[in-house]
Amino acid sequence: MVRHFLSDDDFTKEETERLIRLAMDLKARPIQPLLPNQTLAMIFAKPSTRTRVSFEVGMTQLGGQGLYLGMNDIQLKRGESIADTARTLSRYVNGIMARLFAHADIVELAKNSEVPVINGLTDTYHPCQALADYMTVYERKGRLAGLKLAFLGDGGNNVANSLIRCGAKLGVDVVIGAPKAFWPKKEMLKGTKTKVTDKPKEAVKGADVIYTDVWVSMGDEAEAAKRKEMMKPYQVNGALMKLAKKDAIFMHCLPAHRGEEVTAEVIDGPHSVVFDQAENRLHAQKALMVTLMR
Ligand code: CP
Ligand code: NVA
């Protein structure tokens with residue numbers, strides 16, 4: 001049976017830990033021809049810097065190649081079904097990575113694909129991000145279980161959802177600090193010990209990791225003004241960082257908007273690990289592709 005990675009829950013705790021270990025091995029020895037002559041199709045319905053480059057470079061380093069398929073360049077745009085797209089691509093390539101809007105669309109893609117499908121971000125999840133992020137936390141802290149990660153801002157977005165689901169699996173205490181209108185959906189919290197509060201100071205108290213993401217995700221542009229106004233009190237700035245542990249790290253999936261969700265002082269300061277996160281996307285996704293496609 002072909003295996004996909006659509007959400008964080010597609011891997012068990014043990015499998016997730018194994019992926020992180022493999023990612024660290026691949027980081028130490030990046031050039032290994034583990035997927036010789038294989039091709040990964042990469043469908044993008046939304047823009048991307050990190051995801052596109054890390055998957056494409058990752059395939060090259062593994063001895064294969066990534067094939068960029070912009071949404072405007074393929075027949076999906078003109079109404080060819082997701083199912084037919086999946087069936088067709090399955091005849092040419094060894095894996096499909098897709099960045100889409102509705103999560104149901106990637107589920108449909110996977111249902112009709114004969115090759116592994118990897119979620120490169122949907123409106124609901126960003127599981128590759130969470131994988132690279134927890135690898136980064138592990139590198140910095142030497143452990144994951146029992147650490148406190150506070151996520152500030154848009155607590156119901158794709159990155160927050162994946163941090164909640166993956167974090168719960170790894171024993172990380174995730175706390176969401178967000179306005180009530182932007183709390184995660186109840187179903188996202190199921191089976192987790194996630195705490196949710198609308199008090200930003202309470203959320204970050206004693207945290208090992210402070211994480212934020214843009215206030216306006218791709219697809220949320222119509223609500224931009226309202227979101228920016230409501231999330232203002234959740235900006236990660238120097239004063240808020242002081243309430244976390246002394247050795248707390250600051251994380252952001254990027255792209256960032258300095259002066260909105262985070263101040264320049266914090267993201268460009270000594271606690272920030274944002275470019276380690278970006279780098280680790282490469283290693284974590286290579287581990288994922290080797291696991292699914294070999
Ligand atoms: N963090 C992330 O997924 O970045 P891109 O949108 O640049 O791929
Ligand atoms: N939440 C952001 C993440 C970008 C990598 C978005 O969906 O736009």
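Note: the structure precedes this text.
Attention here is on the structure that accompanies the text. (Residues numbered from 1 in each chain as written. Chains lettered and ligands numbered in written order. Predicted model: local features only at pLDDT ≥ 70, side-chain atom pairs only at ≥ 80, totals over all residues. Heavy atoms only, no water.)

## Describing the state of the cysteines
Defined as follows: What counts as a disulfide here is a pair of cysteine sulfur atoms lying within 2.5 Å.
What the rule picks out here adds up to 0 disulfides. Cys128 carries a free sulfur, and the closest cysteine sulfur to it, the one in Cys166, is 11 Å from it. With no disulfide partner, Cys253 has as its closest neighbouring cysteine sulfur the one in Cys128, 13 Å distant.

## Let's talk about the sheet that holds strand E3 (residues 95-99)
Note the cut-off: Any two strands between which DSSP finds at least two bridges are classified as paired. Helix numbers and strand numbers start at the N terminus; a helix is a DSSP run of H or I with at least 4 residues, a strand a run of E with at least 2. Note on geometry: axes are lines fitted to C-alpha atoms, helical ones only across the stretch in contact, with angles between N-to-C directions running from 0 to 180 degrees. In this description, contact between two residues means that some pair of their heavy atoms is separated by no more than 4.5 Å.
With parallel pairing, 4 strands are arranged side by side in an open sheet as E2-E1-E3-E4. This sheet does not close on itself; its edge strands, each paired only once, are strand E2 (65-70) and strand E4 (117-119). When the angles between neighbouring strand axes are averaged without regard to direction, this sheet yields 20°. Set on the sheet, helix H2 (residues 50-61) makes contact with strand E1 (39-44), E2, E3 and E4; between it and E1 the angle comes to about 170°.

## Concerning the sheet that holds strand E8 (residues 209-212)
One open sheet holds the 5 strands; their spatial order is E7-E6-E5-E8-E9, and the pairing between them is parallel. Strand pairing shows two members of the sheet lacking a second neighbour, strand E7 (195-197) and strand E9 (249-252), which therefore form its edges. In this sheet, adjacent strand axes meet at a mean angle of 20° when their direction is disregarded. Relative to strand E6 (residues 173-177), strand E5 (residues 148-152) runs parallel, the two being bridged by 5 bridges. If you follow Leu149 over to E6, its bridge partner there is Val174. Relative to the sheet, helix H5 (residues 127-141) contacts E5, E6, E8 and E9, its axis offset from that of E9 by approximately 165°. Relative to the sheet, helix H12 (residues 274-293) contacts E8 and E9, its axis offset from that of E9 by approximately 50°.

## A word on the packing of helix H3 (residues 82-90) against helix H4 (residues 103-111)
Where we set the bar: Just so you know how the angles are binned, under 35 degrees is roughly parallel, over 145 roughly antiparallel, 65 to 115 roughly perpendicular, and the rest oblique. Rotating anticlockwise by less than a right angle from the far helix to the near helix defines a left-handed crossing, while the corresponding clockwise rotation defines a right-handed one. For this classification, Asp, Glu, Lys and Arg are treated as charged, while Ala, Val, Leu, Ile, Met, Phe, Trp, Tyr, Cys and Pro are nonpolar and the rest, including Gly, are polar.
Axis separation between H3 and H4 bottoms out at 8 Å; the angle between their running directions is 45°. The angle between H3 and H4 falls in the class oblique. Along this stretch, H3 crosses H4, giving a crossing that reads as right-handed. Contacts between H3 and H4 involve Ile82, Ala83 and Ala86 on the former and, on the latter, Asp105, Glu108 and Leu109. Grouping the amino acids of the contact of H3 with H4 by side-chain chemistry returns 4 nonpolar, no polar and 2 charged.

## A word on the site of ligand 2
Quick reminder of the rule: If even one non-hydrogen atom of a residue comes within 4 Å of a molecule or strand, that residue is called near it. Within 3.5 Å is the distance limit for a polar contact, defined as a pair of N or O atoms, with the added protein rule that one can donate a hydrogen and the other accept it, and that residues adjacent in sequence qualify only through two side-chain atoms. With residues, only the protein chains shown are counted as cover, and all accessible areas are computed by Shrake-Rupley using a 1.4 Å probe.
Near ligand 2 you find Leu121, Asn157, Asn158, Asp213, Val214, Ser217, Met218 and Leu254, and these make up its full shell. In the environment of ligand 2, a nitrogen atom lies 2.7 Å from a nitrogen or oxygen atom belonging to the side chain of Ser217. In this structure, Met218 approaches ligand 2 through a main-chain N or O atom, which is 2.8 Å from an oxygen atom. Alone, ligand 2 offers 270 Å² of accessible surface; in the complex the protein occludes 94% of this.

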